[in-house]
Amino acid sequence: MLSKKIEKALNAQILLEAESSHYYLAMASWAESEGYNGTAEFLYTHSDEERIHMIKLVRFINDRGGKAVIPSLKEPASKFKSLTEIFDIILNHEILVTSEINKVVDICLSEKDYTTHNFMQWYVAEQLEEESLAKTYVDKLKLMGGDKGALYMFDRDMSTAAQTKPAAK
Ligand code: FEO
């Protein structure tokens, strides 16, 4: 049985994952409308993955006798300046998610809830992967410095990245 404190922390994490999915969907739509089809593909996939992260939490809470809350979401930004801005936002957002996940892990330890602690390890590993991926793209875009030809190649490669991204678990 989940303690109320853990249930609250996991529900807060549901909101964060749902917001991530929503946010990345808005970015995907912007990228598609700007003709960055490869990046759009990558972001649509990323948005789907975040939704799966959310559902995993919903099901875990309910399985353990808690009550998952499906939150309402604010309308995300719909205009972005560039791909560089998008990946900067993603990296900063994922850093925030990691720090929130670490807080949940801390609460699990203080509450001696080793089952939830074990469950959260999947998120800890996933965050490592997501931060490192976002950082790679931020670095690449910085190197390119807005060069149109390089951006074209970047976008083309993103479509392959979307296809080879490990399927959301
Ligand atoms: Fe599910 Fe990107 O955090």
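Residues numbered from 1 in each chain as written. Predicted model: local features only at pLDDT ≥ 70, side-chain atom pairs only at ≥ 80, totals over all residues. Heavy atoms only, no water.

Caption draft 1: Spotlight on the pattern of salt bridges. Evaluation of the coordinates by the stated rule reveals six salt bridges. A salt bridge links K103 to E100, with the nearest nitrogen and oxygen atoms 2.9 Å apart. Remark: E100 and K103 occur in helix α3 (residues 83-110); sequence separation between them is three residues, near one turn of the helix. Take K103: its relative accessible area is 45%, and that puts it in the partly exposed class. (Salt bridge = Lys/Arg side-chain N within 4 Å of Asp/Glu carboxyl O. Helix = DSSP H or I, 4+ residues; strand = E, 2+ residues; numbered from the N terminus. Buried < 20%, exposed > 50% of the residue type's maximum accessible area, 1.4 Å probe, protein only.)

Caption draft 2: Representation of the nonpolar core in the model. In this structure, M27, F42, L43, I86, F87, I90 and F154 are the most contacted members of the largest nonpolar core, which totals 25 residues. Within the residue set of this core, elements represented by two or more residues are α1 (4-33), α2 (37-63), α3, α4 (114-144) and α5 (148-164). At six residues, α3 tops the list of elements feeding residues into this core. Those residues in contact with F87 that lie beyond four places of it in its chain are T39, F42, Y137, V138, L141, F154 and M158. In this structure, L2, A9, F60 and I101 belong to the second largest nonpolar core, which totals 20 residues. (Core = buried A, V, L, I, M, F, W, Y, C linked by side-chain atoms within 4.5 Å. Contact = heavy atoms within 4.5 Å.)

The values are spatial; any link to function lies outside them.
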